[in-house]
Amino acid sequence: NGRTVTRRQAREGRCSLNGLVKQSTPLYKTYKRKDYKATLHADGIITLKGKKYDTPTAAAKSISHTSVSGPDFWFIADLNGDLVKLKHFMKKRHG
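Undergrad: Could you give an account of the overall build of the protein chain, with specific residues and numbers?
TA: Assigned secondary structure in the protein chain consists of four helices and six strands. The secondary structure elements of the protein chain, listed N-terminal to C-terminal, are α-β-β-β-β-α-α-β-β-α. Residues classed as buried in the protein chain amount to 35% of the 95 residues present. Across the protein chain, contacts joining residues at least 24 apart in sequence account for 34% of those joining residues at least 6 apart. In the structure as shown, the protein chain presents an accessible area of about 6400 Å², 48% of it carried by carbon and sulfur atoms.

Undergrad: Just give me the short version of the side chain of Thr25, but keep the residues and values in it.
TA: Inspection of the secondary structure assignment puts Thr25 in strand E1 (residues 25-31). Looking at Thr25, its side chain comes within polar contact range of the main-chain oxygen of Gln23, at 2.7 Å. Here Thr25 is in contact with Ala38, Thr39, Leu40 and Ile76, once residues within four sequence places are set aside.

Undergrad: Please set out the nonpolar core residue by residue, giving values where relevant.
TA: Core analysis: the biggest nonpolar cluster contains 21 residues, and Leu27, Leu40, Ile46, Trp74, Ile76 and Leu86 have the highest contact counts within it. Broken down by secondary-structure element, the contributors of at least two residues to this core are E1, strand E2 (34-40), strand E3 (46-48), helix H2 (56-64) and helix H4 (86-94). Not counting the four nearest positions on each side in its chain, Ile46 is found in contact with Leu17, Leu27, Ala38, Thr39, Leu40, Lys51, Lys52, Tyr53, Thr55, Pro56 and Ala59.

Undergrad: Give a detailed account of the packing of aromatic side chains, specifying residues and quantitative values.
TA: In this structure the tally under the stated criterion is two aromatic pairs. Centroid distance Tyr31 to Phe73: 5.8 Å. Interplanar angle 50°. Geometry classified as tilted. Here Tyr31, found in strand E1, pairs with Phe73, found in helix H3 (residues 70-73); they are 42 residues apart in sequence, far enough to count as distant. A ring pair is formed by Phe73 and Trp74, whose centres lie 5.2 Å apart and whose planes are at 80°; its orientation type is edge-to-face.

What counts and how
- Residues numbered from 1 in each chain as written.
- Predicted model: local features only at pLDDT ≥ 70, side-chain atom pairs only at ≥ 80, totals over all residues.
- Heavy atoms only, no water.
- Helix = DSSP H or I, 4+ residues; strand = E, 2+ residues; numbered from the N terminus.
- Buried < 20%, exposed > 50% of the residue type's maximum accessible area, 1.4 Å probe, protein only.
- Contact = heavy atoms within 4.5 Å.
- Areas by Shrake-Rupley, 256 points an atom, 1.4 Å probe, with all protein chains shown as cover.
- Polar contact = N/O pair within 3.5 Å; in protein donor to acceptor, adjacent residues only side chain to side chain.
- Core = buried A, V, L, I, M, F, W, Y, C linked by side-chain atoms within 4.5 Å.
- Phe/Tyr/Trp six-rings, centres within 6.5 Å; stacked < 30°, edge-to-face > 60°.

Dropping the structure here:
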């Protein structure tokens, strides 16, 4: 999209997830003993409970209702099928 992402934006999960996955991929989180499953789409949009979110942080805040880092909040399966924090997956994919 041609925009520069600042470190703060990346840390807060406001960077684009566009292209991070090639197909719709589940995101997972257990929060206050309740399991949540969202979907990260190839275009970077996250859907959760029928709503669309532009960032992992926005989706996370809809659950926690507090200030939270989306990349730290969500888990995603890596290529081995192990659940890792979204922020670690993002670093591996984007370098």
